[in-house]
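# Reading the structure
Below, each chain spelled out in residue letters.
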Amino acid sequence: MPLNKEIQPGDNDELTRERLQATFDTQQMAAALWGSDLARKRRELAKKVDKLTVLHDSKDMSFMTREEKLSENARKVVQMFAHVADIVEDPSDDAEMFHLSSNAIGHEGHPFGVHFVMFIPALKAQADDEQREKWLMPALGLQLIGTYAQTELGHGTNLRALETMATFDKATDEFVIHTPTVTALKWWPGSLGKSSNHAVVSANLIIDGKSYGHHNFMVQIRDENTHKPLKGITVGDIGPKMAYNASDNGFLGFDHHRIPRRNMLMRHAKVDKNGVYTKPPHAKIGYSAMVHVRSVMIGHQGMFLGSASTIAIRYSLVRRQGEIKEGSGEVKILDYQTQQHRLFPQLARAYVFMFAGKEVRELYQKVLSDMEKGETTLLADLHALTSGLKSVVTHLCVAGMEQCRMACGGHGYSRASGIPEIWGVAVGGCTYEGENMVMLLQLARYLMKAVKETKKGKSLGRLVDYLLLPQDRHSLIGRVPQGEYGPHLAAFEHIARRQIFKVADELTKLQDKGMSKEIAWQKKAVELQRAARLHTRFYLAACFHRKVQSVVDGRIREALADLYHLHLNYELLDMVNYALEDAYLKADQVDFIREDMYRLLETIRPNAISLVDAFEFSDRELRSVLGRRDGHVYENLYKWAKESELNRADVLPYFDKYLKPMMLAARQRSNI
Ligand SMILES: CCCCC/C=C/C(=O)SCCNC(=O)CCNC(=O)[C@H](O)C(C)(C)COP(=O)(O)OP(=O)(O)OC[C@H]1O[C@@H](n2cnc3c(N)ncnc32)[C@H](O)[C@@H]1OP(=O)(O)O
Ligand SMILES: Cc1cc2nc3c(=O)[nH]c(=O)nc-3n(C[C@H](O)[C@H](O)[C@H](O)COP(=O)(O)OP(=O)(O)OC[C@H]3O[C@@H](n4cnc5c(N)ncnc54)[C@H](O)[C@@H]3O)c2cc1C
């Protein structure tokens with residue numbers, strides 16, 4: 001029995017030969033990646049979606065207009081929910097539902113895009129019991145479609161500057177929701193433009209002329225039957241974007257629109273009928289829906305990079321171009337060292353991002369259940385971790401996906417590769433849920449606090465315990481027996497700790513000279529975000545280490561360890577300047593890291609296809625001609641191109657309208 005369970009009759013022989021080289025069982029590797037239960041569920045649901053033709057794309061989405069895309073995904077999402085009980089084991093399992101959606105709908109968006117990822121999590125965390133009964137139950141039952149409307153035309157990052165007002169009117173026991181300026185228009189919320197009929201709206205709570213900062217309110221925006229905007233509400237689509245064009249991100253304005261007092265989400269903060277305000281147990285508890293998305297994004301982004309790696313690696317085993325040894329025939333492009341160096345580190349990143357995604361979800365679930373009991377101690381740790389991971393992972397994902405695209409040469413640039421679309425979706429993640437630089441600075445705030453605690457001999461939390469450890473002056477990389485990678489991980493730790501303390505000291509020095517804390521922060525902001533990045537990259541490497549250690553099966557552990565060691569080498573080289581600055585690493589050690597990385601590229605090469613097969617992306621989910629599981633790329637590229645709307649006729653009207661008259665006129669002039 002081959003270890004790669006992907007082999008099927010009719011496959012391209014080249015890929016079959018590659019698959020037969022695997023040193024591990026792909027289904028076991030899939031279990032390590034997704035968790036065994038989810039891997040099994042994914043496999044089963046993909047088979048069911050294959051059989052349900054109502055869930056299939058009616059044509060390739062690349063050839064559709066925006067309106068066709070919106071309508072197509074609305075059709076499929078409705079069918080998906082109609083059949084959900086036959087396809088998934090547990091419709092309340094977000095991970096299983098995400099995979100169903102990924103197979104049936106793809107990642108370009110659909111009318112329930114924000115409903116499940118923000119609207120429902122906001123209700124779960126912020127609505128009180130009575131409000132949950134009123135809105136959460138209908139929302140889960142798909143009786144209404146919700147969105148999360150926080151960002152405004154003028155402000156997205158600085159939430160304190162949001163302008164939308166919710167003024168309490170004691171006489172009628174209502175809030176008056178109002179958009180005072182054009183910059184106060186809500187701008188960007190997903191599925192708002194044309195699909196949603198309800199929104200969780202962030203607005204400044206004003207009672208008796210006093211502002212209490214922004215809070216969340218439930219607002220019905222469209223009539224349930226006619227779907228027309230309610231009186232006092234202006235709503236529409238904000239236009240095409242880089243990607244996500246099957247999502248109707250929208251704008252929303254209110255003209256003194258009245259809602260009942262009980263439409264403020266009141267699990268934590270409250271306003272009674274006399275206008276008496278009760279503070280929440282934590283000032284930022286109302287930000288929980290954002291933290292939710294940041295926590296799910298990590299694994300999803302890993303999946304996007306995993307998809308791009310699958311496409312590029314499979315294609316690199318089908319594509320032959322040039323010879324390595326003259327006269328011995330063209331080689332598969334994956335046999336070039338440069339191609340391996342371009343792709344395998346991206347594959348390793350995809351793996352670790354998925355592992356980190358799982359860890360962060362576990363912490364999120366813990367914080368959520370704590371919050372239910374009014375306990376918020378771990379909220380700051382979760383905010384710091386998700387802020388750093390969100391920023392570093394999205395940044396590295398899009399950089400990695402771009403490598404995957406370029407590694408596919410010209411065909412990578414075609415939409416047939418599938419990479420442009422997932423790249424466009426993934427790159428949105430650098431901006432939404434907190435612009436990356438801003439979120440890195442949030443983590444930096446936490447790290448600077450951690451330094452203060454460390455100086456008192458205390459730790460701010462588990463994630464920064466390592467700051468208490470003494471700093472080694474020199475690395476042991478290359479000075480310990482071959483195959484020991486402890487010093488590599490120690491180097492990540494050293495680099496992060498040094499940068500964190502360095503910038504903390506620099507801030508202190510500036511303040512000691514009389515500079516205000518805020519100005520000193522500005523002077524050191526670039527260094528601070530670097531500290532946050534290095535801390536997060538250490539977290540990721542340590543997470544990879546934890547995962548490898550936890551694997552029981554020897555073959556899986558060995559194959560994963562190869563990827564982990566490649567990750568350590570590649571990432572260290574990427575940030576080697578930090579280790580050279582204080583002579584922690586010497587030139588010969590850098591050479592050692594490089595040589596070991598090249599060795600690992602060769603070690604990983606025979607397992608390459610099985611490492612990507614282990615993601616178990618179905619062809620339907622991957623939506624890529626280049627990344628087809630069976631490797632039949634060329635004939636299908638030709639078939640795909642023939643679907644182009646431009647091929648509907650040999651001659652298109654613009655020829656007769658513009659080009660022909662121009663050429664005729666040019667010929668006539670030349671005959672004169
Ligand atoms: C399928 C794909 C769907 C995609 C859907 C996308 C949806 C969206 O994009 S929704 C909109 C998302 N918007 C954002 O993410 C906005 C980003 N901005 C912020 O989160 C905040 O404004 C901020 C964190 C940058 C600053 O907040 P602000 O309230 O102004 O901060 P303060 O200076 O008052 O306080 C800082 C203080 O608060 C702590 N903190 C901030 N956020 C949290 C949190 N979520 N949980 C816990 N603690 C938090 C922060 O750590 C500071 O603490 P101290 O250092 O102790 O003061
Ligand atoms: C695909 C997509 C989907 C979205 N979906 C939703 C949604 O469903 N609901 C919703 O409410 N919003 C949504 N948004 C909006 C999104 O959350 C915001 O765009 C995002 O938070 C960034 O805010 P901004 O646009 O105000 O950027 P800005 O803050 O204007 O950022 C511009 C630049 O200024 C810098 N900057 C800003 N503040 C600081 C600072 N304090 N320190 C240093 N640099 C700073 C940034 O780093 C960046 O370089 C979505 C956005 C996108 C792209």
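Only a predicted model underlies this, so the values are computations on that prediction, with no experimental measurement involved. (Residues numbered from 1 in each chain as written. Chains lettered and ligands numbered in written order. Predicted model: local features only at pLDDT ≥ 70, side-chain atom pairs only at ≥ 80, totals over all residues.)

The antiparallel open sheet is built from three strands, whose spatial order is 4-8-7. Whereas interior strands pair on both sides, the edge strands pair on one side only; in this sheet they are strand 4 (186-187) and strand 7 (233-237). Direction of pairing for strand 7 relative to strand 8 (residues 250-254): antiparallel, over a ladder of five bridges. Bridge pairing in strand 8 links threonine 234 to glycine 253. (Pairing = 2+ DSSP bridges. Helix = DSSP H or I, 4+ residues; strand = E, 2+ residues; numbered from the N terminus.)

A separate point is the environment of leucine 205. Checked against the element boundaries, leucine 205 lands in strand 5 (residues 198-207). Judged by local crowding, leucine 205 falls into the buried class, with 21 C-beta atoms found within 10 Å. Taking the C-alpha atoms as reference, leucine 205 lies 45 Å from leucine 45; in sequence the two are 160 residues apart. Setting aside anything within four residues of it in sequence, one finds leucine 205 in contact with Ala166, Tyr212, Gly213 and His215. (Buried ≥ 20, exposed ≤ 12 C-beta atoms within 10 Å, placed from the backbone. Contact = placed C-beta atoms within 7 Å.)

In this model helix 10 (residues 379-407) runs 41 Å from its N-terminal to its C-terminal C-alpha over 29 residues, within 8% of the 42 Å that 1.5 Å per residue would give. Most of helix 10 sits out of view: 22 of its 29 residues are buried. Looking one or two residues beyond helix 10, the residue adopting positive phi is glycine 409, at roughly 60°. (Expected span 1.5 Å × (residues − 1).)

It is worth spelling out the nonpolar core at this point. Within the largest apolar cluster, 167 residues are counted, with the highest numbers of intra-cluster contacts made by Phe217, Leu347, Met401 and Leu447. In terms of domain composition, this core takes at least three residues from each of domain 2 (123-280) and domain 3 (289-611). When near neighbours in sequence (up to four residues on either side) are disregarded, leucine 347 contacts Ser309, Ile313, Leu563, Leu611 and Val612. Grouped together as the second largest cluster of nonpolar side chains are 12 residues, Leu45, Ala46, Ile87 and Ile145 included. (Core = buried A, V, L, I, M, F, W, Y, C linked by C-beta atoms within 7 Å. Domains from an automatic or database assignment.)

The UniProt record marks residues 489-663 with the feature "domain: Acyl-CoA oxidase C-terminal" (unreviewed entry), using the residue numbering of this structure. In residues 489-663, helix accounts for 76% and strand for 0%; the two terminal C-alpha atoms are 67 Å from one another. (UniProt positions renumbered as here; feature names shortened; annotations may be inferred.)

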